[in-house]
Amino acid sequence: MAREQLLENTYLTYLPSEKFKTGLLSAQLVLPLEEETASLHALLVNVLNRGTERCPNMEAVSARLDELYGARLDPTVRKIGESHVVGFAASCVDDRLLPGGERLLEPLADLMGEMILRPARENGGFVSSFVDSEQNNLVDLIESEINDKRLYASKRLIEEMCAGEPFGVSRLGSAEAAEHITREALEARYEAILPRARLELFYCGGAPAERVRGLFLRAFAGRPQGEPFVLPPVTRRPAPPAPRLVEESMDVSQGKLCMGFRVGGDDIPAGMLMNAMFGGTSNSKLFLNVREKLSLCYYAGSTYYRRKGLLTVSSGIEFENYQRAVDEIFAQLEAIRRGEWEAWELDGARSSMLHILRTMEDSAGAMEDFHLQQAVAGGEETLQSLADDLRAVTPERIQAAAERVKADTIYFLKGKEARG
């Protein structure tokens, strides 16, 4: 793996690998995550995806990809820490599998560059029909999130716990904001971010580094330059003296209990293993005790946002089990703080985390995502260094990490007739 500055405010991460039959290209614009612009960014990348000057509609884009032996090119919208990252990821058959020395990376990179730098135009601006249809799609997508109550409850917890923080903003923004976007506002935002956003480029595959540099230099040589956006560091807040309780009522048959915690300190490997033992695996305390042994939850698991220093619990419960479930979730965390676990629990958690890292090496997309997160956060971790760090974590460090976990917010989605 190598990362270098390719152009002004433009960086290339080269991930050589001979194991894949395809090559992956990625171009990502790194932007501040703000409530006022999140929906604009999410809409923008999908409008750009609709066509370029040379391929002015989706039919022409699809035809061009078909010419490249069925290559793929898809828009991406991600929230990484407190940055908004939008762009494109593409893949094509590795050249060595094609007859006659035909090359696919160069034309695919060119198409990606055209989508960002030379989108389809109509009367000097974006194509109105593209904006209207993608705007409707975005609003429908945001509004449909409420249909998956499990994901909806987890999203609402983050919104409540991180209100006023960039991390509390959805990667898609809000339906209300999306509904009010005009073509002129979208065009203005595009013109503002094109010269100022940091551009992170990635390649994973078997092509030599010099060739990859050349194809990206050609594809993005015409990008205008301006004063780069300032991306503030991820903020960390202390938990309140007592956790806040947020309740919502809907016509649901199963309660959704989500709990948010602030994690102090910077021992990330210990935090990762602590979370795996707590609720991050199928052998965790939440799964084996709260769900299996006590039958208090239909599901129970935890997620650790290591860059932000947050830990969240998501569970589905009967309404009347609310207090018992809350108490037992706290009890399982307290057990880790006291070191009350068997050796197999730590061994299993460590083995599970190392297996996840190993499987990431078998996916070009997973490798791109891992290294993109490093680039955005300014980290220098590799999959190997993180694995080594996890192997070195001691039980005492896991207990210390659990001690730094403080409850922040409890979110409960209950039925309209249920009592809190």
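The present account deals with the structure reproduced in this document. (Residues numbered from 1 in each chain as written. Predicted model: local features only at pLDDT ≥ 70, side-chain atom pairs only at ≥ 80, totals over all residues. Heavy atoms only, no water.)

### A short note on the nonpolar core
Right, so step 1: Grouped together as the largest cluster of nonpolar side chains are 62 residues, with contacts concentrated most on Leu25, Leu73, Leu108, Leu186, Phe216 and Phe220.
Right, so step 2: Looking at this core element by element, the count peaks at eight residues for helix H3 (residues 105-117).
Right, so step 3: Leu73 has contacts with Asn49, Leu65, Phe88, Ala89, Ala90, Leu108, Leu111, Met112 and Met115, leaving out every residue within four places of it along the chain.
Right, so step 4: Counting residues in each nonpolar core, the second largest holds 57 residues, with Val263, Leu296, Met360 and Ile398 among its members. (Core = buried A, V, L, I, M, F, W, Y, C linked by side-chain atoms within 4.5 Å. Buried < 20%, exposed > 50% of the residue type's maximum accessible area, 1.4 Å probe, protein only. Helix = DSSP H or I, 4+ residues; strand = E, 2+ residues; numbered from the N terminus. Contact = heavy atoms within 4.5 Å.)

### Observations concerning unusual backbone geometry
Residues other than glycine predominantly adopt negative phi, and peptide bonds predominantly adopt the trans conformation.
Right, so step 1: Of note, Asn123 is a non-glycine position whose phi angle comes to about 55 degrees, a positive value.
Right, so step 2: Checked against the element boundaries, Asn123 lands in the loop between H3 and helix H4 (128-144).
Right, so step 3: The backbone of Ser295 shows a phi angle near 55 degrees, a positive value even though the residue is not glycine.
Right, so step 4: Structurally, the position occupied by Ser295 is in the loop between helix H10 (285-293) and strand S9 (299-305).

### What about the pairing of strand S4 (residues 72-80)?
Right, so step 1: Judged from the nine bridges that link them, S4 and strand S5 (residues 83-93) form a sheet pairing that is antiparallel. In the strand pairing of S5, Arg72 is matched with Ser91.
Right, so step 2: Connecting the antiparallel pair S4 and S5 is a turn made up of two residues, with Gly81 showing a positive phi of about 60 degrees. (Pairing = 2+ DSSP bridges.)

### Overview of the sheet that holds strand S6 (residues 198-205)
Right, so step 1: If you trace the six strands from one edge of the open sheet to the other, you get S1-S2-S6-S3-S5-S4, paired in mixed fashion. At either end of the open sheet lies a strand with only one pairing partner, and these are strand S1 (2-7) and S4. Averaged over all neighbouring strand pairs, the angle between strand axes comes to 20 degrees, with direction disregarded.
Right, so step 2: Looking at chain direction, strand S3 (residues 22-32) and S5 are connected through 11 bridges and run antiparallel. Its bridge partner lying in S5, Thr22 is registered against Val93. (Axes fitted to C-alpha atoms, helices over the stretch in contact; angles between N-to-C directions.)

### Things to note about the sheet that holds strand S10 (residues 310-317)
Right, so step 1: Spatially, the five strands line up as an open sheet ordered S7-S11-S8-S10-S9, and their pairing is mixed. A single partner strand is all that each edge strand has here, and the edge strands are strand S7 (244-250) and S9. Taken pair by pair, the neighbouring strands of this sheet meet at an average axis angle of 15 degrees, ignoring direction.
Right, so step 2: Pairing analysis gives eight bridges linking strand S8 (residues 255-263) to strand S11 (residues 405-415), with the strands arranged antiparallel.

### Observations concerning the side chain of Asp110
Right, so step 1: Locating Asp110 in the fold gives a position in helix H3.
Right, so step 2: Judged by relative accessible area, which is 16%, Asp110 ranks as buried.
Right, so step 3: Asp110 has contacts with Arg218 and Ala219, leaving out every residue within four places of it along the chain.

### What to know about a negative patch on the surface
Right, so step 1: A surface patch of like charges, here negative, comprises Asp140, Glu143, Glu176 and Glu179.
Right, so step 2: Where the negative patch is concerned, the elements lending two or more residues are H4 and helix H6 (175-179).
Right, so step 3: Mapped onto the elements, Glu143 comes out in helix H4.
Right, so step 4: Judged by relative accessible area, Glu143 falls into the partly exposed class, the value being 42%. (Patch = residues over 30% accessible without salt bridge, like charges linked within 9 Å, V, L, I, M, F, W, Y side chains within 5 Å. Areas by Shrake-Rupley, 256 points an atom, 1.4 Å probe, with all protein chains shown as cover. Salt bridge = Lys/Arg side-chain N within 4 Å of Asp/Glu carboxyl O. Lys, Arg positive; Asp, Glu negative; His and termini not counted. Charge placed at Lys NZ, Arg CZ, Asp CG, Glu CD.)

### Some details on the packing of aromatic side chains
Right, so step 1: Per the stated rule, a full pass over the model turns up six aromatic pairs.
Right, so step 2: Both rings, one in Tyr14 and one in Tyr203, keep their centres 6.1 Å apart while their planes meet at 15 degrees; by these two values the pair is stacked. A residue pair is termed long-range when its members are at least 10 positions apart, and Tyr14 in strand S2 (residues 10-16) and Tyr203 in strand S6 qualify at 189 residues. As far as burial versus exposure is concerned, Tyr14 and Tyr203 are alike and both buried.
Right, so step 3: When the centroid spacing of 5.5 Å and the interplanar angle of 80 degrees are considered together, the rings of Phe167 and Tyr305 count as edge-to-face. With a gap of 138 residues between them, Phe167 in the loop between helix H5 (149-161) and H6 and Tyr305 in strand S9 connect regions that are remote in the sequence.
Right, so step 4: When the ring centre of Phe167 is taken as reference, the NZ or CZ atom of Lys79 above it lies at 4.4 Å.
Right, so step 5: Positioned above the aromatic ring of Tyr299 is the side chain of Arg150, whose terminal nitrogen or guanidinium carbon lies 3.7 Å from the ring centre. (Phe/Tyr/Trp six-rings, centres within 6.5 Å; stacked < 30°, edge-to-face > 60°. Lys NZ or Arg CZ within 6 Å of the ring centre and 35° of its normal.)

### Focus on helix H1 (residues 38-48)
Helical periodicity: at 3.6 residues per turn, an α-helix aligns residues three or four positions apart in one direction.
Right, so step 1: Here H1 lies mainly inside the structure; 10 of its 11 residues are buried.
Right, so step 2: All of the buried residues along H1 are Ala38, Ser39, Leu40, His41, Ala42, Leu43, Leu44, Val45, Val47 and Leu48.

### Observations concerning the pairing of S9
Right, so step 1: The buried count for S9 comes to five of seven residues, which makes it a mostly enclosed element.
Right, so step 2: Bridging between S9 and S10 involves seven bridges; their strand directions are antiparallel. The residue of S10 that forms the bridge with Tyr299 is Gly316.

### Focus: the pattern of salt bridges
Right, so step 1: Tallied over the entire structure, the rule returns 39 salt bridges.
Right, so step 2: For the salt bridge of Arg213 with Glu4, the shortest nitrogen-to-oxygen distance reads 2.6 Å. Placement of Arg213 in helix H8 (residues 209-219) and of Glu4 in strand S1 is noted, with a sequence separation of 209 residues between them.
Right, so step 3: Notably, a salt bridge pairs Glu106 with Arg103, separated by 3.3 Å at the nearest N-O pair.
Right, so step 4: Owing to a relative accessible area of 12%, Glu106 belongs among the buried residues under this scheme.
Right, so step 5: Overlapping salt bridges bring together Glu82, Glu165, Arg237, Arg262, Lys308 and Asp408 as one network.

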